[in-house]
Amino acid sequence: MLHYVMRRLGGAVPTLFIIIAGAFFMMRLAPGGPFARERRVPPEVEANLMKAYHLDEPLWQQFLRYLNGLLHGDFGPSFKYKDFAVADLIFGGFPVSLQLGGIAIALALVIGVTLGIWAALRQNSWIDYASMSVSMVGIAVPNFVVAPILTLVIGLQLQLLPVGGWGRPSHYVLPVIALCLPQIAAIARLTRASMIEVLSSNYVRTARAKGLPARLTISRHAIRAAILPVVSYLGPAIAGIITGSVVVEQIFSIPGIGRYFVQGSLNRDYTLVMGVTVFYGALVILCNLIADLLYGVLDPKVRYD
Amino acid sequence: MSLMKRNVLLSALTAATLILASTAAQAEMVLHRGNGAEPETMDPQKSTGVTEANIQYEIFEGLTTYSPDGEVVPGMAEKWDVSDDGKTYTFHLRDAKWSNGDPVTAEDFVYSFQRLVDPAIAADYAPIADPILNAEQIRKGEEKDLTKLGVKAVDAKTFEVTLARPAPYFLGLIRHNTFLPVHKATVEKFGQDWTKPGNMVGNGAFTMESWTPQASMALAKSPSYYDAANVKLDKIVYYPTEDISEEFKRYRAGELHITYEVPSDQIKFIEANMKDEYEAKPYLGTYYYVVNGTREAGSKKEVREALALAIDREAIAEKVTGGSFLPGYSWVPPGMIGYKTQYVSFKDMPKQQRIAKAKELLAAAGYGPDNPLNMEILYNTSENHKKIAIAVQSMWKAIGVNATLNNQEWQVYLDTRDEKQFDVARAGWIGDFADPVTFLDLFLSDAGVRNDAGYNNPEYDKLVKNSFGIGDPETRLASLQRAEQIFLNDLPIIPILTYKTKHMVSKKVQGWAYNNLDFHLGRYMSVQ
């Protein structure tokens, strides 16, 4: 187990390196720069700024400097929010993103699994068809479409919930819906498919033949096996929630790190974008590892030696 | 069931806390203000934007400051003398304290002014100090010795500034937030972290209590401020409100007392329903189109004049932007004290005549039905810019100009503008201080990238530059007026609109007054 974890973590290093290098050089290809503004600074002031932030060095040297900083746990200063280090901003925004993402993933799991099981038990009934077609829509419509529609209908026309901001419980509702909808859909479809398969397996039939009531058969025997694909889907689901939150936080003006990512890109705040990218990258790698380990705990057929 | 019970309990608890919180709020007087973008820095010398200035004026006070209606009034300097040649300003400081109890001294100002021009600080706004002796040489790195800057602490309470050239607007200029004093020991002790709550030391009416980026910044009344007896607010909370329709909703929900902006699509509703809370007055800013004078069509004066004639400014101001701008016929916006506003020659010409003249001019420049003029309008992503560009496109169509629209993301747009890869580009300029120079020096032939039009008229250069040496305000302004007249005759840019300051101000707020620099200090305000 420990050996497996170490091996996976070791494998994560090159992955992270590629993420860092890709983001670093792509960011610099974008036109503009962190100090471009309507009131253009005179060339000598720009030179002073470039020097202060080491932007006057050759690109490879800047890259090495950045890597060296990362190794020492330093994400560098933000170019735009000059009073803050990137690490301050990330760790300030992360609790917000974590709350939002945590609620969304928990809701997606509860609702998705329930819906999936329900549809599987009533296979080929109208409930099955209805919930599966709705979830097909959920998968197909991305959250940058869902979020503005929610804002428009529930926020602006019905005026039921605030359209943005953070702090009150009512602020959570729309962004959480926008974030978890596609995940509910995916989880429901996964659960349904595996539940149907499990229900027709020999051990479930044996249980039924022994005279065990249907409820107990399902809750004691079927669910545990049926949920396995959902567990292995958790890694990608968390990645989906994280990338989704970039869009959703921006749309709903939520002060999480997803918003910093968008603002940082628009402002060409190189270090901020890099910081968020590295942080997200590491987070996704870690979540995938946890999901895999969990899989081993739940599935007796899988052993990590 | 148990879940529902818990929910009921939870909401009861939340309600109880809310009630408690609101009774606490009644005991203290708190002002809630929307403030546009998240401030980039609270370090005065490093800042660039209005959102930062708004807050910094609460935390710091300069030599001179703003009255509610925008006049220059004594700040840290109780009084001042100006030498006969207009080049030496001697400021006599009042007895004032920093928020940590230290006295505010002339040395603090020496340190802060030097900091502004120090290349190591790399202040965006360093050129604003250019009238001060050696400021330009120091910021350019030609002079390495910071102490050569024309500032001196004669004694603890006397601060002397020597200028490189007379600048009759100097007392207004040093109100700019980049001239605010900072506390040397604090800056040196904490480095980049000196602006964090707890570390920050200021000399203004308020001190920073908390700062959560992208959420809010709370300021508390400073007991050590010299005029604390007359400061009524206990607290001011500034909120970043980049999304202006969301800001407006928060205002309507009673969460904000003052907004930073007003969404133009709501102006009709506001004028019908909440007219007396709507403040929209002229601002020191001009919205204009730059014509690229380095391209063939743009280099012809007839073309520029025709394009300018064809634009119906009243229609754009009233119909397209819903009255959130004023029609603009000048480069230097109206409202500069002592300066007679200059207008384009066709300001009073009837619309039909303007169109006819525009067609004539185009024909004279060699454009007509057989050889139509094609122009691309470059603008950055924004609903307003787009609407205005579409309106201009159709107005130009009426004189036979085929305009295409080119929308670019902000940074790409800035690059394109700097590289002069455009025919016509939208632009805006807000004055840094209440003097025409802040507009006119933009189009000096040696102004570099800022002169997007590539305008070069030696006579204009001469008039503007000569004015730098004139000590008598009237003669100086007359010289600048002549310069603007030449400029508006050449039309390197097409003025379209004059900005308005737009705020929603709750009826609960007292002490708010209009001023065209749009700075409203919390020390004058109160909330009922």
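For clarity, every value in this text was computed on a predicted model and none was experimentally measured.

Basis of the calculations
- Residues numbered from 1 in each chain as written.
- Chains lettered and ligands numbered in written order.
- Predicted model: local features only at pLDDT ≥ 70, side-chain atom pairs only at ≥ 80, totals over all residues.
- Heavy atoms only, no water.
- Helix = DSSP H or I, 4+ residues; strand = E, 2+ residues; numbered from the N terminus.
- Rg over C-alpha atoms; globule rule 2.2 N^0.38 Å.
- Buried < 20%, exposed > 50% of the residue type's maximum accessible area, 1.4 Å probe, protein only.
- Patch = residues over 30% accessible without salt bridge, like charges linked within 9 Å, V, L, I, M, F, W, Y side chains within 5 Å.
- Areas by Shrake-Rupley, 256 points an atom, 1.4 Å probe, with all protein chains shown as cover.
- Salt bridge = Lys/Arg side-chain N within 4 Å of Asp/Glu carboxyl O.
- Pairing = 2+ DSSP bridges.
- Axes fitted to C-alpha atoms, helices over the stretch in contact; angles between N-to-C directions.
- Phe/Tyr/Trp six-rings, centres within 6.5 Å; stacked < 30°, edge-to-face > 60°.
- Lys NZ or Arg CZ within 6 Å of the ring centre and 35° of its normal.
- Parallel < 35°, antiparallel > 145°, perpendicular 65-115°, else oblique.
- Left-handed = near helix turned anticlockwise from the far one by under 90°.
- Contact = heavy atoms within 4.5 Å.
- Nonpolar A, V, L, I, M, F, W, Y, C, P; charged D, E, K, R; others polar.
- Domains from an automatic or database assignment.
- Buried area = accessible area lost by both parts, 1.4 Å probe.
- Polar contact = N/O pair within 3.5 Å; in protein donor to acceptor, adjacent residues only side chain to side chain.
- Core = buried A, V, L, I, M, F, W, Y, C linked by side-chain atoms within 4.5 Å.
- 1 Å grid on protein atoms, 1.4 Å probe; cavity = no way out; pocket = protein on both sides within 12 Å on 5 of 7 lines; lining within 4 Å.
- Points joined across faces, edges and corners; volume = space filled by probe spheres on them.

Some thoughts on the overall build of chain B
1) Next: Check the secondary structure of chain B and you find 17 helices and 18 strands.
2) Next: For 528 residues, the compact-globule estimate of 2.2 N^0.38 gives 24 Å, and the C-alpha radius of gyration of chain B, at 25 Å, lies within 12% of that figure.
3) Next: In terms of principal-axis extent, the alpha carbons of chain B reach across some 75 × 75 × 35 Å.
4) Next: Evaluated residue by residue, chain B yields a buried proportion of 56% over its 528 residues.

Observations regarding a nonpolar patch on the surface
1) Next: Taken together, the side chains of Phe144(A), Val145(A), Ile149(A), Leu152(A), Val153(A), Leu156(A), Leu158(A) and Leu160(A) define a hydrophobic patch exposed on the protein surface, amounting to about 710 Å² of accessible area.
2) Next: Take Leu152(A): it is sitting in helix H6 (residues 143-157).

Overview of the sheet that holds strand S5 (residues 88-93) of chain B
All names here are of chain B.
1) Next: The sheet built from four strands is open, its strands ordered S4-S5-S7-S6 with antiparallel pairing. Among the strands making up the open sheet, the edge pair consists of strand S4 (77-82) and strand S6 (151-155). When the angles between neighbouring strand axes are averaged without regard to direction, this sheet yields 25 degrees.
2) Next: Of the pairings in the sheet, the one linking S6 to strand S7 (residues 158-162) comprises four bridges and is antiparallel in character. For Asp-155, the partnering residue across the bridge sits in S7 and is Thr-158.

Examining the packing of aromatic side chains
All names here are of chain B.
1) Next: Scanning all chains against the criterion turns up 41 aromatic pairs over all chains.
2) Next: Each ring, one from Tyr-89 and one from Phe-91, has its centre 6.2 Å from the other, and the planes form 20 degrees; the classification is stacked.
3) Next: Through a chain of ring-to-ring contacts, the aromatic side chains of Trp-80, Tyr-89, Phe-91, Phe-109, Phe-113, Phe-159, Phe-170 and Phe-179 assemble into a single cluster.
4) Next: In this structure, Arg-165 is placed above the aromatic ring of Phe-468, and the distance from its NZ or CZ to the ring centre is 4.1 Å.
5) Next: Looking at Lys-347, its charged tip hangs above the ring of Tyr-343, at a distance of 4.6 Å from the centre.

Focus: the packing of helix H4 (residues 86-121) of chain A against helix H10 (residues 228-251) of chain A
Residue and element names in this part refer to chain A.
1) Next: As a packed pair, H4 and H10 sit with axes 10 Å apart at the nearest point and diverge in direction by 135 degrees. Taken together, the axis directions place H4 and H10 in an arrangement best described as oblique. Crossing angle aside, the handedness with which H4 passes H10 is right-handed. In this structure, H4 uses Ser-97, Leu-100, Gly-101, Ala-104, Ile-105, Leu-109 and Val-113 to contact H10, whose residues at the interface are Val-230, Leu-234, Ala-237, Ile-238, Ile-241 and Glu-249.

Observations concerning the packing of H6(A) against H10(A)
Between two packed helices, what matters for the description is the angle formed by their axes and the separation of those axes.
Residues and elements named next belong to chain A.
1) Next: The geometry of H6 relative to H10 is characterised by a closest axis approach of 9 Å and an angle of 25 degrees between their N-to-C directions. By the criterion of interaxial angle, the relationship of H6 to H10 is roughly parallel. The element H6 and its partner H10 pack so that their crossing is right-handed. Listed contacts from H10 to Asn-143, Phe-144, Ala-147, Pro-148 and Thr-151 of H6 are Gly-244, Val-247, Val-248 and Ile-251.
2) Next: Tallied by class, residues from the contact of H6 with H10 come to six nonpolar, three polar and no charged.

What to know about the domain arrangement of chain B
All names here are of chain B.
1) Next: Each assigned domain of chain B is listed with its residue range as follows: domain 1 (27-37 + 191-280 + 502-527), domain 2 (60-184) and domain 3 (282-500).
2) Next: Across the boundary between the two partners, domain 1 contributes eight residues, which contact twelve residues of domain 3.
3) Next: Three residues, Lys-502, Asn-516 and Leu-517, lead the burial of domain 1 against domain 3; their summed loss comes to 52% of the area buried on that side.
4) Next: Considered class by class, the residues forming the side of domain 1 that touches domain 3 number four nonpolar, two polar and two charged.

Notes on the interface of chain A and chain B
1) Next: Each partner contributes residues to the interface: chain A has 37 residues there, and chain B has 45 residues.
2) Next: The contact between chain A and chain B buries some 3700 Å² in all, and 47% of this surface belongs to carbon and sulfur atoms.
3) Next: Among the ionic pairs, Lys80(A) bridges to Glu40(B), the shortest N-O distance being 2.7 Å.
4) Next: For the pair chain A and chain B, the interface holds 16 residue pairs in polar contact (both at pLDDT 80 or more).

Here we look at the environment of Gly202(B)
Residue and element names in this part refer to chain B.
1) Next: Mapped onto the elements, Gly-202 comes out in the loop between helix H6 (184-190) and strand S8 (206-212).
2) Next: For the pair formed by Gly-202 and Gln-56, sequence separation is 146 residues and the distance between their alpha carbons is 9.1 Å.
3) Next: Setting aside chain neighbours within four positions, we find Gly-202 in contact with Ile-59, Phe-60, Trp-98 and Ser-99.

Points about the sheet that holds strand S9 (residues 216-221) of chain B
All names here are of chain B.
1) Next: The strand order across the open sheet formed by four strands is S1-S10-S9-S8, and the pairing between neighbours is mixed. With partners counted over all chains shown, the strands left at the sheet margins are strand S1 (30-34) and S8, one partner each. Pairwise comparison of adjacent strand axes, ignoring direction, gives a mean angle of 20 degrees for this sheet.
2) Next: In the sheet, S9 pairs with strand S10 (residues 235-239) via four bridges, with the strands oriented antiparallel. Pairing of Met-217 across the sheet is with Tyr-238, part of S10.

With respect to the nonpolar core
1) Next: Formed by 179 residues in total, the largest nonpolar core has its most connected members in Phe91(B), Phe113(B), Ile132(B), Tyr289(B), Trp331(B) and Trp396(B).
2) Next: Once residues within four sequence positions are removed from consideration, Trp331(B) is found in contact with Thr286(B), Tyr288(B), Trp429(B), Phe439(B), Leu440(B), Leu442(B), Phe443(B), Glu484(B), Phe487(B), Leu488(B) and Ile493(B).
3) Next: In terms of nonpolar packing, the next biggest core, distinct from the first, is built from 34 residues, Val96(A), Leu150(A), Leu179(A) and Ile184(A) among them.

Looking at the environment of Met336(B)
All names here are of chain B.
1) Next: Mapped onto the elements, Met-336 comes out in the loop between strand S12 (325-327) and helix H12 (351-364).
2) Next: The buried category is assigned to Met-336, whose relative accessible area is 3%.
3) Next: Aside from chain neighbours lying at most four places away, what touches Met-336 is Leu-284, Phe-433, Ala-434, Asp-435, Pro-436, Thr-438 and Phe-439.

Regarding the pattern of salt bridges
1) Next: Summed over the entire model, instances satisfying the criterion amount to 30 salt bridges over all chains.
2) Next: Between Asp227(B) and Arg523(B) there is a salt bridge, with the nearest N and O atoms lying 3.4 Å from each other. Taken as a pair, Asp227(B) in the loop between S9 and S10 and Arg523(B) in the loop between strand S17 (509-510) and strand S18 (526-527) lie far apart in primary sequence, 296 residues in all. Across the pair, exposure class does not vary: Asp227(B) and Arg523(B) are buried alike.
3) Next: Overlapping salt bridges bring together Glu44(A), Asp130(B) and Arg139(B) as one network.

Some words on the layout of surface pockets
1) Next: Approximately 810 Å³ is the volume attributed to the second largest pocket.
2) Next: Lining of the second largest pocket is provided by 36 residues; of these, Pro127(B), Asp130(B), Arg139(B), Asp441(B) and Arg450(B) occupy positions nearest its centre.
3) Next: Those elements giving two or more residues to the lining of the second largest pocket turn out to be helix H2 (43-52) of chain A together with helix H4 (135-139) and helix H15 (437-440) of chain B.
4) Next: Counting residues per element, the lining of the second largest pocket draws most heavily on H4(B), which supplies three residues.
5) Next: When the residues that make up the lining of the second largest pocket are grouped by side-chain class, the tally is 19 nonpolar, four polar and 13 charged.

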